[in-house]
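Spelled out from the first residue to the last, the chains are:
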Amino acid sequence: MRVIRLGMALLLLLNLTGCWSKVELDELTFIYGMFIDKGEERGTVEVSISSPLPNRLMSGTQGGSGAADGRAYSMITKTAATIPEAVILIQKDLSRRLEISHIKIVVVGKEYASQGIGEMLEWFKRQPEVPLGTYIMAAPGRASDIPKLSPIFEQLPDQVLSSISKENLLFGTTIRDCMLSEASHMGYAMNYLSFGQKTDSTEKKDEYWVGVGGVMLFQDMKMRGLMNVNEGRALAWAAGKIAGHITLPVYPIVWDDDGKGAASAIFVRNSAASSVRMTPEGPLFQVKIKGNASITYFKDSGQRDADKLSALLVSKLEQKVAGEVSAALDHTRQEGVDVLHLGMLVEWNYPAEWKKLRERWKDYYTSEARIKVTVKFDIEDFGSEK
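Heads up: these notes are all about the structure in this document. Bear in mind that the values here come from a model prediction, so they are computed numbers and not experimental data.

Cut-offs used in this document
- Numbers given to residues run from 1 along each chain, matching the order in which its sequence is written.
- Two thresholds apply to this predicted model, a pLDDT of at least 70 for residue-level local features and 80 or more for giving and counting side-chain atom pairs, whereas whole-chain, interface and lining totals are computed over all residues.
- Heavy atoms throughout the structure, all of them, feed into the side-chain values; hydrogens and water do not.
- A pair of Phe, Tyr and Trp rings is counted when the ring centres sit within 6.5 Å of each other, with Trp represented by its six-membered ring. The angle between the planes then sorts it: under 30 degrees is stacked, over 60 is edge-to-face, the rest tilted.
- A helix here means a DSSP run of H or I that spans at least four residues, while a strand means a run of E at least two residues long, and both kinds are numbered starting from the N terminus.
- The rule is simple: take the accessible area with a 1.4 Å probe, protein chains only, and divide by the maximum for that residue type; under 20% is buried, over 50% is exposed, in between is partly exposed.
- Simply put, an axis is a line fit to the C-alpha atoms, just over the touching stretch for a helix, and the angle between two N-to-C directions goes from 0 to 180 degrees.
- Should an angle lie under 35 degrees it is considered roughly parallel, over 145 roughly antiparallel, and from 65 to 115 roughly perpendicular; all remaining angles are considered oblique.
- Any two residues whose heavy atoms approach within 4.5 Å at even a single point are treated as in contact.
- Charged residues are taken to be Asp, Glu, Lys and Arg, nonpolar residues to be Ala, Val, Leu, Ile, Met, Phe, Trp, Tyr, Cys and Pro, and polar residues to be all remaining types, Gly included.
- At least two bridges found by DSSP between two strands is the condition for calling them paired.
- Whenever Lys or Arg places a side-chain nitrogen within 4 Å of a carboxyl oxygen from Asp or Glu, that contact is recorded as a salt bridge.

## Notes on the packing of aromatic side chains
- On inspection of all chains with the given rule, the structure shows 12 aromatic pairs.
- Arranged with centres 5.4 Å apart and planes meeting at 0°, the rings of Y188 and F218 form a pair that is stacked. Pair noted here: Y188 is in strand β8 (residues 188-200) and F218 is in strand β9 (residues 205-219), with a separation of 30 residues, a long-range link. Judged on exposure class, the residue Y188 and its partner F218 are both buried.
- With centroids separated by 5.9 Å and ring planes inclined at 85°, the aromatic side chains of Y251 and F267 adopt a geometry described as edge-to-face.

See the structure below:
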C-alpha cells in the first residue's frame, strides 16, 4: 500500500513541471492586418503586413499619433511567387517571430481580386492559427495603400478597418464566409473601400481617408463586378446584413411632384428572409423584407400631420426599397453572382430539381431565375409633432 501511495504521489508531481516550450510576448510580432496585391512582375504576389509597435502604444496617447518620434505600427512588404514565400521573406527581416493568430483584417487589391483570390483562401485554409472570423475587404487600387489612412479616433489603421466591418456598414464579410461560399460554388460580396486624400483644416496637411465605396462581387474566387453604395445597401437589405445602431439606412421619400411633400425615415429594426417554392415554370424565389421605421423629417403642402399620412408613407417606403432591392438583384444576375445563395435553397428543398440545375446554375441564375421581392414596413413613431 505504501508503494502505491508513493507512486501516485510521483505521478501527481509530474503535473507540476514547468512549461518547456514557452514563448515570451516580447519575442513575437503580432500581425493585425494583411494586405495582398498582384506583384509588378508577372506571376508574383506582393504581401504587406501591419503590426503594432508596443513601445509606441502608450496609454493616453492621442489616437493615431503613436509616440512623438513616429507612428504606432510598422509596415513590411515583400514580393514572391506565392504568399507563403513572401511571408517567409518578411520573417527573415524581423528579429521576432511572426504571430498571425491575432489578425483582424485582410485587404485585397483590385488587380489581385480580378486575377483570383484562390491561392490566398487555400493558404488561409491550411493555417489553423488564422481566425476564420477575420474580416476581408477589397481596395479600389493597391491594398498596400490602405494603411496610409489617418486613424484619427484609433491608434492603428487595422482598428479603423475592423470597426467598419463590425458595424456592418454594408457587408461584414469574413474568411469563413468566403470559404463556405466557395465550397458551395455560390457567390459572395465584400465591402469595396474608397480611398483618397483630404486636407486637415487644423494642421493644414493632407491626410488619407478610407470609407466604404460600394461592394465587390465574387464568383469562383474571382471578382465579377462592382456595385455602388446605394446598390450595395439594397443588396445588404436582401441579404439581411444591415445591422447596428449607426448603420441603419435612412430613406427620403416624396409624394408631390413639386417636392413640397417629403419625409425621411430611418429604420430602427429590419430583417430579411429568402425562400423558394416549385411552380410548373420552375423555382420561384421570394425575398421578404420587414422593418420598423421612425419618421425623422416631414413636410406636407397641405399642412397635414405625419400620422394622418402613415399609409402613404408606408406605401412610398415599400415601393422605394422593393425597387432598389430588385434592381440590385438584377445586377447580381447580370454578373452571374448568386450572393443570396438561392441555389442552395433549391438544393435543400428540391434536391431532384437541383440535380438538373447544378451544372448550369450560373447560366440559369443569370437568364432564367425568377425572384420576387416583397416588403412590409411599419411606422414606429413620427418624431416630434407640433
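## Thoughts on the packing of helix α7 (residues 229-239) against helix α8 (residues 310-335)
- Where α7 meets α8, the axes come as close as 8 Å, and the angle between the chain directions of the two elements is 95°. Relative to α8, the element α7 lies roughly perpendicular. For the pair α7 and α8, contact is made by E231, R233, A234, L235, W237 and A238 and by V321, E324, V325, A328, L329, H331 and T332, respectively.
- Across the contact of α7 with α8, the residue classes tally to eight nonpolar, two polar and three charged.

## Topic: the pairing of strand β3 (residues 45-52)
- Burial analysis of β3 places eight of its eight residues in the buried class, the great majority of the element.
- Adjacent in sequence and paired antiparallel, strand β2 (residues 33-38) and β3 are bridged by six residues, among which G43 carries a positive phi angle near 80°.
- Across eight bridges, β3 lies against strand β4 (residues 73-80) in antiparallel orientation. The residue bridging S48 from the neighbouring strand is T77, located in β4.

## With respect to the sheet that holds strand β14 (residues 370-381)
- Across the sheet, four strands lie side by side as β11-β12-β13-β14; this open sheet has mixed pairing. What marks the edges here is a single partner per strand, and that holds for β11 (250-254) and β14. The average undirected angle you get between the axes of adjacent strands in this sheet is 40°.
- Both strand β12 (residues 262-279) and strand β13 (residues 282-299) contribute to a ladder of 17 bridges, which runs antiparallel. Residue I266 lies in a different strand from β13, and its bridge partner there is S294.
- Against the sheet, α8 engages β11, β12, β13 and β14, with an angle of about 145° to β14.
- Helix α9 (residues 342-349) contacts β12, β13 and β14 of the sheet and is inclined by roughly 40° relative to β12.

## Some remarks on the pattern of salt bridges
- As enumerated under the stated definition, the model contains 11 salt bridges in all.
- Between R269 and E380 there is a salt bridge whose closest N-O contact spans 2.1 Å. Placement of the pair is R269 in strand β12 and E380 in strand β14, with a sequence separation of 111 residues.
- We classify R269 as partly exposed; its relative accessible area is 46%.
- Given a relative accessible area of 37%, E380 falls into the partly exposed group.
- Note that K320 and E324 form a salt bridge whose closest N and O atoms lie 3.9 Å from each other. Of the two residues, K320 and E324 are both situated in helix α8; the distance of four residues between them amounts to about one turn of the helix.
- Residue class for K320 comes out partly exposed when judged on its relative accessible area of 29%.
- Beyond isolated ion pairs, a larger network of salt bridges with shared partners links E122, K125 and R126.

## Regarding the environment of I136
- With respect to the element layout, I136 can be found in strand β7 (residues 135-138).
- Judged by relative accessible area, I136 falls into the buried class, the value being 1%.
- Along the chain, I136 and M34 lie 102 residues apart, while their C-alpha atoms are 9.5 Å from each other.
- Those residues in contact with I136 that lie beyond four places of it in its chain are I105, V106, V108, M120, T173, T174, I175, C178 and M190.

## Thoughts on the packing of helix α2 (residues 83-92) against helix α4 (residues 118-125)
- At their nearest, the axes of α2 and α4 sit 10 Å apart, and the two run at 65° to each other. In this view, α2 runs roughly perpendicular relative to α4, as classed from their interaxial angle. For the pair α2 and α4, the contacting residues are I83, P84 and V87 in the first and E119, M120 and W123 in the second.
- Residue classes in the contact of α2 with α4 are distributed as five nonpolar, no polar and one charged.

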